[in-house]
Amino acid sequence: QVQLVESGGGSVQAGGSLRLSCAASGITLSTYVTGWFRQAPGKDREFVATISRSGGNTRYADSVKGRFTVSRDNAKNTVYLQMNSLKSEDTAVYYCAAYPSYGPNALSSTQSRYDYWGQGTQVTVSS
């Protein structure tokens, strides 16, 4: 059974930092593109960041570029999202998701491309 479990969410003041983790079981994450998405109250879920299975290619939403960094530790079967300079508009439930890829540097920001999703972790940024 495939499981993606997010952790590391919480409450932080604007300007602060958090690091989210996405731990996988039932799949070898090194063969999967892994992405982060978020959903704020009353809004649609949106793309945040994604990383290729090799870790050599990344893509970010314009709203987080320069503040967020996605990385992976394939030995730990885990992907991370380091979030710095947090803003109130970053408040949302953050989800990690994954899909299998044969290309080491392939990635996608399209939600429908992703096969597996975690349950989400809440991030609240107060101003």
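(A) Main features of the overall build of the chain. Across its full length, the chain carries zero helices and 11 strands. Across the chain, helices and strands are ordered from the amino to the carboxyl terminus as β-β-β-β-β-β-β-β-β-β-β. On C-alpha atoms alone, the chain measures out to a radius of gyration of 13 Å, which is about the 14 Å that the 2.2 N^0.38 rule sets for 127 residues. Along the longest, intermediate and shortest principal axes, the C-alpha atoms of the chain span 40 × 30 × 25 Å. Taken over 127 residues, the chain has a buried fraction of 45%. Partitioning the intrachain contacts of the chain with sequence separation of at least 6 by distance along the chain shows that 61% fall at a separation of at least 24. For the chain, the exposed surface amounts to about 6100 Å²; the carbon and sulfur share of it is 43%.

(B) Broad picture of the environment of alanine 98. The topology assignment puts alanine 98 in strand β9 (residues 92-100). C-alpha separation for the pair alanine 98 and arginine 38, spaced 60 residues apart in sequence, amounts to 14 Å. Leave out the neighbours within four places in its chain, and alanine 98 touches Leu4, Leu29, Tyr32, Val33, Thr34, Tyr114, Asp115 and Tyr116.

(C) Region of interest: unusual backbone geometry. Unusually for a residue other than glycine, asparagine 77 sits at a positive phi of about 55°. Relative to the assigned elements, asparagine 77 resides in the loop between β7 (68-73) and β8 (78-83). Judged by its relative accessible area of 16%, asparagine 77 is buried. Not every positive phi belongs to a glycine, and serine 85 is a case in point at roughly 50°. Its location among the elements puts serine 85 in the loop between β8 and β9.

(D) Seen up close, the state of the cysteines. Within this structure, the stated rule accounts for one disulfide. A sulfur-sulfur separation of 2.1 Å characterises the disulfide bridge that pairs cysteine 22 with cysteine 96. Classification of the bridge connecting cysteine 22 and cysteine 96 rests on its S-S torsion, roughly 60°, and on that basis the disulfide is right-handed. Taken together, the residues span a long stretch of sequence, with cysteine 22 in strand β3 (residues 18-25) and cysteine 96 in strand β9 at a distance of 74 residues. By relative accessible area, which is 0% here, cysteine 96 ends up buried.

Analysis parameters
Residues numbered from 1 in each chain as written. Predicted model: local features only at pLDDT ≥ 70, side-chain atom pairs only at ≥ 80, totals over all residues. Heavy atoms only, no water. Helix = DSSP H or I, 4+ residues; strand = E, 2+ residues; numbered from the N terminus. Rg over C-alpha atoms; globule rule 2.2 N^0.38 Å. Buried < 20%, exposed > 50% of the residue type's maximum accessible area, 1.4 Å probe, protein only. Contact = heavy atoms within 4.5 Å. Areas by Shrake-Rupley, 256 points an atom, 1.4 Å probe, with all protein chains shown as cover. Disulfide = S-S within 2.5 Å.

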